[in-house]
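Residue-level structure breakdown
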Amino acid sequence: MLENKIGLEFEGVVLGENDRLIKNVDSLNIFDSNNVGKETTKDRLELRTDPHNSVSDAFKEFLQLMDSYDLIKTKTFLPFNHDGNKKKVVFRDDSLAVVKKLFLGEDYSFEGLTRGFHIHFSLPDDEEKIIKNYNTAIALDPFGLAVMNSFSDNESYAWRANGYRKDVYSKEPFFGDIPNYMYSFAEHLGNLEEQFNNICEKYWDEGGEEYSKRSNPLSAINGPVRVRFASESEKKIGYDDTIEIRTPDSNPLLTLGFSYTEILHWLISKSSDYGMRFSNKPKISFDGSDIVLPNNWLLKYLSNKTLKNGLDDDVITDYCLSILNSADKLGYTNSEVFNKLTDNIFDKKGFNYSLKDYKNSGWFFNENEKICCFVRDTVRQEYDDLQKML
């Protein structure tokens, strides 16, 4: 059994029985537990699993949530970002996003378009292990951007994902930037607190005061990786302090999401057992004693390159394959997972490519509805396929 427990968060929208998106998910009357959460906009919700010892158990619970809340057979939960919608959104009145918009400006409205996939790994007790787990999670960012991309063209994906990380936070990059590697946990927490306090003070009369009361230095970060401390109420129901990986894209290919999460869980957990160093080579590797990660500058270059080109770029393809090779060297053996990911990386079998083929197959009177029905059919098939895979 791997040391880190794991929990999942899928953001998405719901397609109703009439093949139309439900504009206000409150009408579903399903927000009766910690496993279903409201998002910043009324058209989105989040399905959350409890912590589990294995990725398989976490995904089994996710499928059970879809079934128990009637989000697979009549209505369908769609973990999917639609390319074409570049409209600003209206946040819930009680959302913290309303407060952030006061000082981040109108562009922050685009944040509400993103439907992400977030993975929580329990925080080890040992500081050295925390640092290794956290740094490995950061180095896996280009892998998640490439593999979990569900957009039919790189331009739309770059607009959405890059917008989520940078454009909406152009005034304060602290909120969305790829973080630097960690070398001291205490220093990391201190730096976050200092930056958070400075921002709150800077915009004190424009929402900063209210934001300081409702947020904290850790939960304020919306970028690729963050440390998250569980609240007292969460700890009472068994939740842990975690490292959270936040890809800006949910993906209807649930079997792919499972395979991606399996590799992340394996590499992050195994990083606790070995040394760690950094290099100027665009790959992750394992030399028998150390896990070797690309340096800070190179990692950020790779992430930005992934946003622009995805798996159409040979450098990114090679980087993703180096991650699978490292997992193999560190003892991961599930061939079905390896095959699913290599098919995606080599043969371009990701959802983004199948969606592109579908959109090119004909002209649709209502493209948005047709695409959502295509996503629905994909999710339902993947629901069945993932049950077999688990």
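About the cut-offs
- All residue numbers refer to positions counted from 1 along the written sequence of the respective chain.
- Side-chain atom pairs in this predicted model are given and counted only at pLDDT of 80 or more, local residue features only at pLDDT of at least 70, and totals for whole chains, interfaces and linings cover all residues.
- Excluded from the side-chain calculations are hydrogens and water; all other atoms, namely the structure's heavy atoms, are used.
- Secondary structure elements are defined from DSSP: runs of H or I of at least 4 residues count as helices, runs of E of at least 2 residues count as strands, and each element is numbered from the N terminus.
- To estimate how far a helix should extend, the number of its residues minus one is multiplied by 1.5 Å.
- Buried, partly exposed and exposed residues are distinguished by accessible area as a fraction of the type maximum, computed with a 1.4 Å probe on protein chains only: under 20%, between the cut-offs, and over 50%, respectively.
- The arc in question is traced by the directions running from the helix axis to the C-beta atoms.
- For the purposes of these results, a polar contact is taken to be a pair of N or O atoms within 3.5 Å, where, inside protein, one atom must be able to donate a hydrogen and its partner to accept one; residues adjacent in sequence count only when each atom of the pair is a side-chain atom.
- Joining through side-chain atoms within 4.5 Å is the link that ties buried Ala, Val, Leu, Ile, Met, Phe, Trp, Tyr and Cys residues into a set, and such a set is a nonpolar core.
- Contacts are assigned to residue pairs that have any heavy atoms within 4.5 Å of one another.
- Definitions used throughout: a 1 Å grid over protein atoms alone; a cavity as a set of points that fits a 1.4 Å probe which cannot get out; a pocket as an open set with protein on both sides within 12 Å along at least five of seven lines; a lining residue as one with an atom within 4 Å of a point.
- Grid points are joined across faces, edges and corners, and a volume is the space filled by probe spheres set on the points.
- Nonpolar residues are Ala, Val, Leu, Ile, Met, Phe, Trp, Tyr, Cys and Pro. Charged residues are Asp, Glu, Lys and Arg, and all others, Gly as well, are polar.
- Whenever Lys or Arg places a side-chain nitrogen within 4 Å of a carboxyl oxygen from Asp or Glu, that contact is recorded as a salt bridge.
- Only strands joined by at least two bridges in the DSSP assignment are considered to pair.
- Note on definitions: angles span 0 to 180 degrees between N-to-C directions of axes, and those axes are lines fitted to C-alpha atoms, for helices only across the stretch in contact.
- Here the word oblique covers every angle except those under 35 degrees (roughly parallel), over 145 (roughly antiparallel) and from 65 to 115 (roughly perpendicular).
- Two helices cross in a left-handed way if the nearer one is turned anticlockwise from the farther one by less than a right angle. They cross in a right-handed way if the turn is clockwise.
- Between 30 and 60 degrees the pair is tilted, below 30 it is stacked and above 60 it is edge-to-face, where a pair is any two Phe, Tyr or Trp rings, Trp via its six-membered ring, whose centres lie within 6.5 Å.
- We count a charge as sitting over a ring when the NZ of a lysine or the CZ of an arginine lies within 6 Å of the ring centre and within 35 degrees of the ring normal.

Its twelve residues give helix 12 (residues 335–346) an end-to-end C-alpha distance of 16 Å, which sits within 8% of 16 Å, the value for a rise of 1.5 Å per residue. Taken as a whole, helix 12 has its buried residues at Val-337, Phe-338, Leu-341, Asn-344 and Ile-345. Down the axis of helix 12, the buried side of the element spans an arc of 135 degrees, and every buried residue falls inside it. Where helix 12 begins, the capping side chain belongs to Asn-334, and its oxygen is found 3.0 Å from the backbone nitrogen of Glu-336. Of the residues one or two after helix 12, Lys-348 is the one with positive phi, at around 55 degrees.

Here the focus is the nonpolar core. Met-66, Phe-77, Phe-143, Phe-175, Tyr-260, Ile-263 and Leu-341 are the most contacted members of the largest nonpolar core, which has 114 residues in total. Among all residues touching Phe-143, those that are not within four sequence positions of it are Tyr-260, Ile-263, Leu-264, Cys-320, Ile-323, Leu-324, Leu-341 and Ile-345.

Okay, the layout of surface pockets next. Where empty space is left becomes clear once a probe the size of a water molecule has been rolled over the atoms. For the largest pocket, the calculated volume is near 1200 Å³. Along the walls of the largest pocket sit 50 residues, with Glu-39, Glu-46, Arg-48, Arg-226 and Arg-228 positioned nearest its centre. Elements supplying a minimum of two residues to the lining of the largest pocket: strand 1 (6–15), strand 3 (45–48), helix 2 (96–104), strand 5 (117–122), helix 7 (208–214), strand 6 (225–228) and strand 7 (242–247). Per-element accounting of the lining of the largest pocket gives the leading share, five residues, to strand 1. Residues belonging to the lining of the largest pocket are distributed by class as follows: 14 nonpolar, 16 polar and 20 charged.

Time to look at the pattern of salt bridges. Following the criterion strictly, the structure yields 21 salt bridges and no others. With a shortest N-O distance of 3.9 Å, Asp-26 and Lys-38 are connected by a salt bridge. Pair noted here: Asp-26 is in the loop between strand 1 and strand 2 (36–38) and Lys-38 is in strand 2, with a separation of twelve residues, a long-range link. Taking relative accessible area as the criterion, Lys-38 reaches 45% and is therefore assigned partly exposed. Residue class for Asp-26 comes out partly exposed when judged on its relative accessible area of 24%. A single salt-bridge network, built from bridges that share partners, covers Glu-11, Glu-39 and Arg-44.

The phi dihedral of Asp-19 is positive, around 65 degrees, even though this residue is not glycine. Take Asp-19: it is sitting in the loop between strand 1 and strand 2. With phi around 55 degrees, Asp-70 is a residue other than glycine that occupies positive phi space.

This brings us to the sheet that holds strand 8 (residues 275–279). Pairing is mixed in the open sheet, where three strands are placed in the order 8-10-9. Edge positions in the open sheet fall to strand 8 and strand 9 (285–286), since each of these has one partner strand only. Pairing analysis gives five bridges linking strand 8 to strand 10 (residues 290–294), with the strands arranged parallel. Across the sheet, Arg-277 pairs through a bridge with Val-292, a residue of strand 10.

Turning to the packing of helix 9 (residues 254–270) against helix 12, a few remarks are in order. Angle between the axes and distance between the axes: these two values describe a pair of packed helices. The interhelical angle for the contact between helix 9 and helix 12, taken along N-to-C directions, is 110 degrees, at an axis separation of 9 Å. For the element pair helix 9 / helix 12, the angle class is roughly perpendicular. Regarding helix 9 and helix 12, the two cross each other, and that crossing is left-handed. Across the interface between the two elements, Thr-255, Leu-256, Phe-258, Ser-259, Tyr-260, Glu-262 and Ile-263 from helix 9 touch Val-337, Phe-338, Lys-340, Leu-341 and Asn-344 from helix 12. A per-class count over the contact of helix 9 with helix 12 returns seven nonpolar, three polar and two charged.

Under the counting rule described, the total for this entry stands at 23 aromatic pairs. With 6.1 Å between their ring centres and 70 degrees between their planes, Tyr-183 and Phe-278 make a pair best called edge-to-face. Of the two residues, Tyr-183 is situated in the loop between helix 5 (154–165) and helix 6 (185–202) and Phe-278 in strand 8; the sequence distance between them amounts to 95 residues. According to the relative accessible area criterion, Tyr-183 is exposed, its value standing at 58%. Overall, the relative accessible area of 29% leaves Phe-278 in the partly exposed class. Three or more aromatic residues link up through ring pairs in this structure, and these residues are Phe-91, Phe-103, Tyr-108, Tyr-169, Phe-174, Phe-175, Phe-196, Tyr-203 and Tyr-211. Above the face of the Phe-31 ring, Lys-38 is positioned so that its terminal group lies 5.4 Å from the ring centre.

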